[in-house]
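# Overview (structure and organization)
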There are 2 protein chains.
Amino acid sequence: MKGEIISVGTELLLGQIVNTNAKYLSEKLALLGIDIYFHTNVGDNEGRLKECLNIAFKRSDLIITTGGLGPTADDITKETVASFLRLPLIENKEAKDWIEKFFERLGQKPTPNNYKQALFPEGANILPNKNGTAPGCIIEKDNKIIVILPGPPSELIPMFEEAVYPYLKSKTSEIIKSRVLKIFGLGESKVEELVKPLLFNSNPTVAPLLGDGYVTLRITAKGHNEDETLKMIEDMESKMRGILGEYIYAVDKENMEDVVVKLLQKNNLTLATAESCTGGQLSGKITDVPGASKVFKLGVVSYSNEAKESILGVKKSTLENYGAVSLETAKEMAQNVRKIAHSDFGISTTGIAGPTGGTPEKPVGLVYVGFATNKDVYVKKFMLRGNRSRIRARTVLHALDIVRKYLLGIKID
Amino acid sequence: MKGEIISVGTELLLGQIVNTNAKYLSEKLALLGIDIYFHTNVGDNEGRLKECLNIAFKRSDLIITTGGLGPTADDITKETVASFLRLPLIENKEAKDWIEKFFERLGQKPTPNNYKQALFPEGANILPNKNGTAPGCIIEKDNKIIVILPGPPSELIPMFEEAVYPYLKSKTSEIIKSRVLKIFGLGESKVEELVKPLLFNSNPTVAPLLGDGYVTLRITAKGHNEDETLKMIEDMESKMRGILGEYIYAVDKENMEDVVVKLLQKNNLTLATAESCTGGQLSGKITDVPGASKVFKLGVVSYSNEAKESILGVKKSTLENYGAVSLETAKEMAQNVRKIAHSDFGISTTGIAGPTGGTPEKPVGLVYVGFATNKDVYVKKFMLRGNRSRIRARTVLHALDIVRKYLLGIKID
């Protein structure tokens, strides 16, 4: 099945918002084996929307529109589709009741405009909207399918998942599944070089993609049933693991912090952080994970030397002799925060995130990460590239990766 | 001038990436008074790209393509445009030299594929690429302009700013300027209600937009010269300020944390944080601002009760009688971190970010923010909606907003 997406909204053409709906839908449609060949963004303009519909009807079997279902006069998607298909607009009783109840709950009365949202092209299959007042609909005509969805992602996503995905699944026979492997510690070109022979595989396919500070490999398999498809993915994944090993840190939606918190929970171990250059972003990431309170005991953001001394007990002589950004300071920060917090591990960051503060000896991008256990203390030195925000984000990833490696018994090189 | 954007790349149609280039370019083109009526995403496929070019040439004066300029066989944008315009591809000596030098610096030799990036449609004006190997180009033919740009934003944005923007500016006479006002503490519908009469203004226009936890109003003015346009914006801004006053916390690219750090710097004042539910995200935001080290002294992430007691000195009786999420604990956290850090202000957060941990008396979303000065201590209670990540992000904004209000002499209600 060939499909395309038409997103309606002048705000897209003015560059006020990014079209995340097209990305979301394309990802889901790819999993259904539907080939999406075009995305079009067009404004809230009847003539130009009709032009897009005309082009799309000639070349695609499935057309999904997003946006333009609001109550105001400039919301014209349903009206334009109806006119294009020469279908009258008919009031849907259930949709009308729903709108009235929605306003009743707010203690308000719908305006005449709101009733516009209860009108649909004749014969349309109505899709209820649990998160707003604009229902969507599906129309089948002349062997084409047109799906009309609201614009706000908070309304579009649940509607697609609950109603549109099952509907489209019933129209396709192939099963497509995909899995994303996340890799940290190797550059994109290095990953490509290592797995190159597998990148030319046709089923499952493997596509590399650069994430924010990490690299992903997406394995996508087409099959006739669930088991066959899954087996193809698993075989490819084990080949990848044979090549990339410990550099694969997570699968699918999991993040580095999820993996680390899960490993700590599993081993009943606790962590404390002492941050300088990351300024709280490391503990912020860890505590993003629900249930982190069981494994995270204390975070100290010792941005000033005074705080490094008085709260963390870093020796004055260490700061004077080696400086705040040094192996020695990172070491004491990690060891001391561990002791203060009575935690199993202490992890520290100190570095120069820029844009100012760099010197020839200690340039912007120089970062030390310290990691203390009840037996040992490790300090790893990094030279990171990029702007302040990238240096800080990569420091957080490196710090978490050290904990991950330690917990998995991988050598911290 | 009517324009449209064609983004080339199968990764867009598979939903692997969001098209941020179209947003970026649209925003810039709007400022030049160029009407963008369509965005199209199409795969790396000659036939379908030609189809898009054919449609675009019929309806637009300016066509901008993004992507498909790489060295590999599936990068076909330049080749397809040349074939569509019936122009031969000619090797550009400067581009060839540049590619050879680029590889020389890496200690490598270009492959034959790389020389493809030095070929351009005859008569094209070459746009150097300082951040990659793919130059762009501008072609003028049959009263149409076609601009060919690389796909990676890190290459496209500098190329557009340095070469394309000035080129297009020379083709237009109108001046368009815009300014964004950021509002915190009022919902989108409330903001719209308050400024409603001004939303129907035609020049400057005012457009409300929901940001992530805040509301923005974009003022856009068209004029014949710089001064006139600026004056129109300033007049509208002062009307907005008359209505929204202190709720406007920042302008254009400035964030809440930039405003707070700037105010602290200006007044030579320092801050310390004691975080529970935000887990370091508050200090993480503050230290995102370059130069924050001058105003930020210490952050403590006291996620456990033990840390609240031992590091921050919150009284055991307070924790036992009122609980960790309480007005009393927030108060002691703010007061004590201020004393420990020897800072002018102490700010604290404690709350239930969810998804678990809520009770009927203390549901998910209950948050206290404490703020201590040398004279007073304020605690503000919030009931925030949304998921864990949203509750944490909004708590950070509220905490920063309290500091902002205090420093501006605005009552903390």
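These numbers come from a predicted model, not from an experiment.

Moving on to the sheet that holds strand E2 (residues 35–42) of chain B. Taken in spatial order, the twelve strands of this open sheet run E6(A)-E7(A)-E8(A)-E3(A)-E1(A)-E2(A)-E2(B)-E1(B)-E3(B)-E8(B)-E7(B)-E6(B), and their pairing is mixed. A strand with exactly one partner marks an edge of an open sheet, and here the two such strands are strand E6 (125–127) of chain A together with strand E6 (125–127) of chain B. Here the strands of the sheet are splayed against their neighbours by 15° on average, with no regard to which way each runs. Those strands touched by helix H4 (residues 77–84) of chain A are strand E1 (2–8), strand E3 (62–66), strand E7 (136–141) and strand E8 (144–149) of chain A, and its axis lies near 160° from that of E8 of chain A. Relative to the sheet, helix H2 (residues 20–31) of chain B contacts strand E1 (2–8), E2, strand E3 (62–66) and strand E8 (144–149) of chain B, its axis offset from that of E3 of chain B by approximately 150°.

Ranked by internal contacts, the top residues of the largest apolar core, which has 37 residues, are Ile286 and Ile347 of chain A. Every element with two or more residues in this core is listed here: strand E12 (248–251), helix H10 (256–266), helix H11 (281–286), strand E15 (345–351), strand E16 (366–372) and helix H15 (388–407) of chain A. Those residues within four positions of isoleucine 286 of chain A in sequence are excluded, and the remaining contacts are Glu257, Val261, Leu271, Thr273, Ala292, Phe296 and Leu400 of chain A. Ala250, Met256, Leu271 and Ala353 of chain B belong to the second-largest nonpolar core, a separate cluster that totals 36 residues.

Let us now look at the UniProt feature "domain: MoaB/Mog" (unreviewed entry) in chain A. Summarizing the sequence annotation, UniProt attributes the feature "domain: MoaB/Mog" (unreviewed entry) to residues 4–171 of chain A in the numbering used throughout. End C-alpha atoms of residues 4–171 of chain A are separated by 16 Å, and the span's content is 43% helix alongside 23% strand.

What follows concerns the relation of the copies chain B and chain A. Overlaying chain B with chain A gives an RMSD of 0.1 Å, the required rotation being 180° about an axis along which the chain moves by 0.1 Å. The superposition operator between the copies reduces to a two-fold rotation axis. Of the residues that chain B buries at the interface, 100% are likewise interface residues in chain A, meaning the two copies contact each other through the same surface.

Further remarks concern the pairing of strand E7 (residues 136–141) of chain B. Residue and element names in this part refer to chain B. Relative to E7, E6 runs antiparallel, the two being bridged by three bridges. The residue bridging leucine 127 from the neighbouring strand is glycine 136, located in E7. When E7 meets E8, the two strands line up antiparallel, connected through five bridges. Note on E8: the bridge partner recorded for cysteine 137 is isoleucine 148. Counting the residues that bridge the hairpin from E7 to E8 gives two residues, and of these aspartate 142 lies at a positive phi of roughly 50°.

Residues and elements named next belong to chain A. Contact pair helix H8 (residues 188–199) / helix H9 (residues 226–244): the axes reach a minimum separation of 10 Å and the direction vectors enclose 140°. The orientation of H8 relative to H9 falls into the category oblique. Crossing handedness for the pair H8 and H9: right-handed. Side by side, H8 and H9 meet where Val191, Leu194, Val195 and Leu198 of the first sit next to Met236, Lys239, Met240, Ile243 and Leu244 of the second. By residue class, the composition of the contact of H8 with H9 is eight nonpolar, no polar and one charged.

Within this structure, the stated rule accounts for zero disulfides over all chains. For the unlinked cysteine cysteine 137 of chain A, the closest cysteine sulfur is that of cysteine 52 of chain A, found at 18 Å. Here cysteine 52 of chain B is not cross-linked by a disulfide; its sulfur's nearest cysteine counterpart is in cysteine 52 of chain A, at 11 Å. Exposure remark for cysteine 52 of chain B: the relative accessible area of 4% places this residue in the buried category.

Between chain B and chain A, the residue contacts involve 58 residues of the former and 58 residues of the latter. Summed over both partners, the interface of chain B with chain A comes to about 4700 Å²; 58% of that surface belongs to carbon and sulfur atoms. At the junction of chain B with chain A, the criterion picks out six salt bridges. Among the ionic pairs, aspartate 288 of chain A bridges to arginine 392 of chain B, the shortest N-O distance being 3.1 Å. There are 30 residue pairs in polar contact (both at pLDDT 80 or more) connecting chain B and chain A. At seven residues, the largest contribution of residues to the side of chain B that touches chain A is made by E2 of chain B. Looking at side-chain class alone, the side of chain B that touches chain A contains 27 nonpolar, 20 polar and eleven charged residues. For strand E14 (residues 296–301) of chain A and strand E14 (residues 296–301) of chain B, the ladder comprises three bridges, and the chain directions are antiparallel. Directly across from valine 300 of chain A, in E14 of chain B, lies its bridge partner valine 300 of chain B.

This paragraph deals with the domain arrangement of chain A. Residues and elements named next belong to chain A. Domain annotation of chain A identifies domain 1 (2–169), domain 2 (175–251) and domain 3 (256–407). The straight-line distance from the C-alpha centre of domain 2 to that of domain 3 is 31 Å. The partner domain 3 presents eight residues to the seven residues of domain 2 that form the contact. Across the domain 2/domain 3 interface, buried area totals approximately 740 Å², and carbon plus sulfur atoms make up 63% of it. When the area that domain 2 buries against domain 3 is broken down by residue, the three leading residues are Phe184, Gly213 and Tyr249, summing to 71%.

Our next topic: the environment of tyrosine 303 of chain A. Among the structural elements, tyrosine 303 of chain A can be located in the loop between E14 and helix H12 (305–310). Distance from tyrosine 303 of chain A to phenylalanine 371 of chain A, taken between C-alpha atoms, is 18 Å for residues 68 residues apart in sequence. Residues within four places of tyrosine 303 of chain A in sequence aside, it is in contact with Glu275, Ser276, Gly279, Lys308, Arg388 and Arg392 of chain A together with Thr287, Ala292, Ser293, Phe296 and Lys297 of chain B. Of the polar contacts made by the side chain of tyrosine 303 of chain A, one reaches the side chain of arginine 388 of chain A; its length is 3.1 Å.

In this section: the pattern of salt bridges. Scanning the entire structure with this criterion turns up 45 salt bridges over all chains. Between lysine 231 of chain B and aspartate 235 of chain B there is a salt bridge, and its shortest N-O distance comes to 2.9 Å. Note that lysine 231 of chain B and aspartate 235 of chain B are positioned in helix H9 (residues 226–244) at a spacing of four residues, about one turn of the helix. One salt-bridge network, in which partners are shared between bridges, spans Glu4 and Arg59 of chain A together with Glu51 of chain B.

Turning our attention to helix H7 (residues 153–169) of chain B. All names here are of chain B. A rise of 1.5 Å per residue sets the reference length of H7, with its 17 residues, at 24 Å; its end C-alpha atoms lie only 21 Å apart and thus fall more than 12% short of the reference. All buried positions along H7 are accounted for by Glu155, Leu156, Met159, Phe160, Val164, Tyr167 and Leu168. Contacts from the buried residues of H7 go to H2, E3, E6, E7 and E8.

Three or more residues of H4 of chain A are buried, namely Thr77, Lys78, Thr80, Val81 and Ala82 of chain A. Downstream of H4 of chain A by a residue or two, arginine 86 of chain A has a phi angle that is positive, lying close to 55°.

It is worth spelling out the pairing of strand E9 (residues 175–183) of chain B at this point. Regular strands place side chains that alternate from one sheet face to the opposite one. All names here are of chain B. Of all nine residues that make up E9, seven are buried, and the element is covered over most of its length. With nine bridges joining them, E9 and strand E11 (residues 215–223) adopt antiparallel strand pairing. Considered in E11, the bridge of valine 180 is made with arginine 218. In this structure, E9 lies alongside strand E12 (residues 248–251), joined through three bridges in antiparallel fashion. Residue pairing for E12: isoleucine 183 is matched across the bridge by isoleucine 248.

We now examine the environment of glycine 323 of chain B. When you line up the elements, glycine 323 of chain B lands in the loop between helix H13 (316–322) and helix H14 (327–341). For the pair glycine 323 of chain B and asparagine 305 of chain B, spaced 18 residues apart in sequence, the C-alpha to C-alpha distance is 9.2 Å.

All names here are of chain A. The final tally for this structure, using the stated rule, is 22 aromatic pairs over all chains. Measuring from centroid to centroid gives 6.2 Å for phenylalanine 160 and tyrosine 165, while their planes differ by 70°, and the two rings are edge-to-face. Measuring from ring centre to ring centre gives 5.2 Å for phenylalanine 371 and tyrosine 406, while their planes differ by 65°; the resulting arrangement is edge-to-face. Here phenylalanine 371, found in strand E16, pairs with tyrosine 406, found in helix H15; they are 35 residues apart in sequence, far enough to count as distant. For phenylalanine 371, a relative accessible area of 1% corresponds to the buried category. The exposure class assigned to tyrosine 406 is partly exposed, which follows from its relative accessible area of 29%. Ring-pair connections join several aromatic residues into one group, and the members of that group are Phe345, Phe371, Tyr378 and Tyr406. A cation over an aromatic ring shows up here: arginine 59 above the ring of phenylalanine 38, its NZ or CZ 3.4 Å from the ring centre. Its guanidinium or amino end placed over the ring of phenylalanine 120, lysine 78 lies 4.4 Å from that ring's centre, counting from NZ or CZ.

How each quantity is defined
Residue indices begin from 1 for each chain and proceed along its sequence in written order. The order in which chains are written sets their letters, starting at A; the order in which ligands are written sets their numbers, starting at 1. Local features in a predicted model are, by the rule used here, given only for residues with pLDDT of at least 70; side-chain atom pairs are given and counted only at 80 or more, and totals for whole chains, interfaces and linings are based on all residues. The basis for the side-chain values is all heavy atoms of the structure; hydrogens and waters are excluded. One bridge is not enough; two strands pair if DSSP finds at least two bridges between them. Here a helix means four or more residues in a row that DSSP labels H or I, a strand means two or more in a row labelled E, and each is numbered from the N terminus. Axes, fitted as lines to C-alpha atoms, cover a helix only where it is in contact. Angles between the N-to-C directions of the axes lie from 0 to 180 degrees. Residue contacts are counted whenever heavy atoms from the two residues lie within 4.5 Å of one another. The set of buried Ala, Val, Leu, Ile, Met, Phe, Trp, Tyr and Cys residues whose side-chain atoms join them within 4.5 Å is what this entry labels a nonpolar core. Think of it in three bands: with a 1.4 Å probe and only protein chains considered, a residue is buried below 20% of the maximum accessible area for its type, exposed above 50%, and partly exposed in between. UniProt positions are given in the numbering used here, feature names are shortened, and annotations may be inferred rather than shown by experiment. Fitting of the copies onto one another was done by least squares over C-alpha atoms, counting residues only where both copies have pLDDT of at least 70. Angle categories are assigned with fixed cut-offs, so that under 35 degrees is roughly parallel, over 145 is roughly antiparallel, 65 to 115 is roughly perpendicular, and the rest are oblique. Take the far helix as the reference: if the near one is turned anticlockwise from it by less than a right angle, the crossing is left-handed, and if turned clockwise, right-handed. Gly counts as polar in this scheme, as do all residues outside two lists: the nonpolar Ala, Val, Leu, Ile, Met, Phe, Trp, Tyr, Cys and Pro, and the charged Asp, Glu, Lys and Arg. Two cysteine sulfurs form a disulfide in these notes if their separation is within 2.5 Å. A 1.4 Å probe defines the accessible area here, and the buried area is the portion of it lost by two parts on being joined, summed over both. Definition used for salt bridges: Asp or Glu carboxyl oxygen within 4 Å of a side-chain nitrogen of Lys or Arg. In protein, a polar contact requires one atom able to donate a hydrogen and another able to accept it; more generally it is a pair of N or O atoms within 3.5 Å, and residues adjacent in sequence count only if both atoms are side-chain atoms. As used throughout, domain bounds are those supplied by an automatic or database domain assignment. Here the expected span of a helix is defined as 1.5 Å times the quantity of residues minus one. The pairing test for Phe, Tyr and Trp rings, Trp by its six-membered ring, is centres within 6.5 Å, and the orientation test on the planes gives stacked under 30 degrees, edge-to-face over 60, and tilted for anything in between. A ring is considered to have a charge above it if a Lys NZ or an Arg CZ atom is located within 6 Å of its centre and within 35 degrees of its normal.

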